[in-house]
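# Geometric and topological summary
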Amino acid sequence: MEARTPSESRTVMTDLVLPGETNPLNNLFGGELLARMDRAAGITAGRHSRRIVVTASVNHVAFGKAIPLGSVVTVEAKVSRAFNSSMEVVLDVYTEDRQSGHQTKVNEAIYTFVAVDETGAPVKVPEIKPETELEQQRYDAALRRKQLSLVLAGKMKPHDATELKALFV
Ligand SMILES: CC(=O)SCCNC(=O)CCNC(=O)[C@H](O)C(C)(C)COP(=O)(O)OP(=O)(O)OC[C@H]1O[C@@H](n2cnc3c(N)ncnc32)[C@H](O)[C@@H]1OP(=O)(O)O
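Residues numbered from 1 in each chain as written. Predicted model: local features only at pLDDT ≥ 70, side-chain atom pairs only at ≥ 80, totals over all residues. Heavy atoms only, no water.

In the nomenclature of an unreviewed UniProt entry, the protein corresponds to Acyl-CoA hydrolase from the organism Aquimarina brevivitae. In the Sequence similarities (unreviewed entry) part of its UniProt record, the protein is described as follows: "Belongs to the acyl coenzyme A hydrolase family." (UniProt positions renumbered as here; feature names shortened; annotations may be inferred.)

Here it is, written out as structure tokens:
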């Protein structure tokens, strides 16, 4: 199975914040942003694997800045690393200034998707081949994050999380 680059499956979704999607402070409701990120990440993981994909875990979300009603919001999703059947997808979220068009990063998140067959059983995915320095950094850190996610989910014993433990010794 030939390795693919993050840019081959990169997904960019831009949409407005409408009144039905806000909290009482008139900022984008967190759950709405999670759903937008899930859709973008799912498209990306599907493009990379060319298989059915399911969300296995939301590993990290940082709601850095509130996103006001009427904002133009762009979600960019890229596969940072592919393992056997799972893929880590990193999301960067931006708003843009109406007049200058300048984009400001407001949120980031990391999701894990698993490629499955028609019965829902995990299937192998192609490896990822980082091209840029940032892609390489995210690739290098992804195994630690996978181990942390598995430990928190009770699917890996802390003792076996060797990459993660190496951070603390
Ligand atoms: C797009 C959507 O919104 S889909 C709807 C929401 N999602 C779902 O309904 C998914 C429901 N869950 C499932 O179907 C299953 O739990 C699956 C497919 C995610 C995993 O199935 P399992 O039987 O646990 O398979 P298994 O233990 O072999 O794990 C498969 C892969 O997922 C990874 N994985 C499973 N759980 C986690 C987790 N919490 N964090 C990170 N990786 C995980 C495993 O490490 C493994 O990765 P690898 O093959 O790359 O080494």
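Next comes the rest of the write-up.
### Digging into helix α3 (residues 133–152)
Along an α-helix, residues three or four apart share an orientation, since each turn contains 3.6 residues. Here α3 is 20 residues long and its end C-alpha atoms lie 29 Å apart, about the 28 Å a rise of 1.5 Å per residue gives. Where α3 bends most, the angle comes to about 35 degrees, and this point is A142. Taken together, the buried positions of α3 are occupied by E135, R138, A141, A142, Q147 and S149. Against the buried residues of α3 lie α1 (6–9), β2 (52–63), β3 (72–82), β4 (86–96), β5 (103–116) and α4 (162–165). (Helix = DSSP H or I, 4+ residues; strand = E, 2+ residues; numbered from the N terminus. Expected span 1.5 Å × (residues − 1). Bend = angle between axes of the 7 residues up to and from the residue. Buried < 20%, exposed > 50% of the residue type's maximum accessible area, 1.4 Å probe, protein only. Contact = heavy atoms within 4.5 Å.)

### As for helix α2 (residues 30–49)
Taking 1.5 Å of rise per residue, the 20 residues of α2 would be expected to cover 28 Å, and the 28 Å separating its terminal C-alpha atoms lies within 8% of that figure. Within α2, the full set of buried residues consists of E32, L33, R36, M37, A40, A41, G42, T44, A45, G46, H48 and S49. Looking at the packing, one finds that the buried side of α2 touches α1, β1 (11–16), β2, β3, β4 and β5. Downstream of α2 by one or two residues, R50 has phi in the positive range, about 55 degrees.

### Considerations on the nonpolar core
Among the nonpolar cores identified, the biggest contains 26 residues, and M37, I67, M87, L91, V93 and F113 are the most heavily contacted of them. In contact with V93, not counting residues within four places along its chain, are L33, M37, I67, V73, T74, V75, T104, K105, V106 and N107. (Core = buried A, V, L, I, M, F, W, Y, C linked by side-chain atoms within 4.5 Å.)

### Description of the pattern of salt bridges
Following the criterion strictly, the structure yields eight salt bridges and no others. Of the charged contacts in the structure, one is a salt bridge between R36 and E32, with a shortest N-O distance of 2.9 Å. A residue pair is termed a helical-turn pair when its members lie 3 or 4 positions apart in one helix, as R36 and E32 do in helix α2 at four residues. Among the residues examined, R36 registers a relative accessible area of 4% and is labelled buried. (Salt bridge = Lys/Arg side-chain N within 4 Å of Asp/Glu carboxyl O.)

### Details of the site of the ligand
Close contacts around the ligand come from 18 residues, with N84, S85, S86, K146 and S149 the closest. Within the backbone of T55, an N or O atom sits 2.9 Å from a nitrogen atom of the ligand. In isolation the ligand offers 1,000 Å² of accessible surface; the protein chains occlude 58% of this area. Counting only elements with at least two residues in the shell around the ligand, the list comes to β2, β5 and α3. It is β2 that provides the largest number of residues to the shell around the ligand, a total of four residues. Tallied by class, the residues present in the shell around the ligand amount to eight nonpolar, seven polar and three charged. (Near = heavy atom within 4 Å. Polar contact = N/O pair within 3.5 Å; in protein donor to acceptor, adjacent residues only side chain to side chain. Areas by Shrake-Rupley, 256 points an atom, 1.4 Å probe, with all protein chains shown as cover. Nonpolar A, V, L, I, M, F, W, Y, C, P; charged D, E, K, R; others polar.)

### Focus on the side chain of N27
Mapping N27 onto the fold places it in the loop between β1 and α2. Setting aside residues no more than four positions away along its own chain, N27 makes contact with E21, T22, A66, I67, P68 and L69.

### A word on the environment of V151
Residue placement: V151 occurs in helix α3. Between the C-alpha atoms of V151 and L28, which are 123 residues apart in sequence, the distance is 32 Å. Beyond its immediate chain neighbours, meaning those up to four positions away, V151 contacts M156, K157, P158 and A161.

### Side note on the UniProt feature "domain: HotDog ACOT-type" (unreviewed entry) in the protein
UniProt's feature table lists "domain: HotDog ACOT-type" (unreviewed entry) at residues 7–119, given in the numbering used throughout. For residues 7–119, the helix share is 20%, the strand share is 48%, and the end-to-end C-alpha distance is 29 Å.

### Looking at the environment of L91
Within the secondary structure, L91 is located in strand β4. Since its relative accessible area comes to 0%, L91 is described here as buried. Note: C-alpha distance between L91 and R81 (10 residues apart in sequence) is 13 Å. Setting aside residues no more than four positions away along its own chain, L91 makes contact with M37, A40, A41, V75, E76, A77, N107, E108, A109 and Y111.

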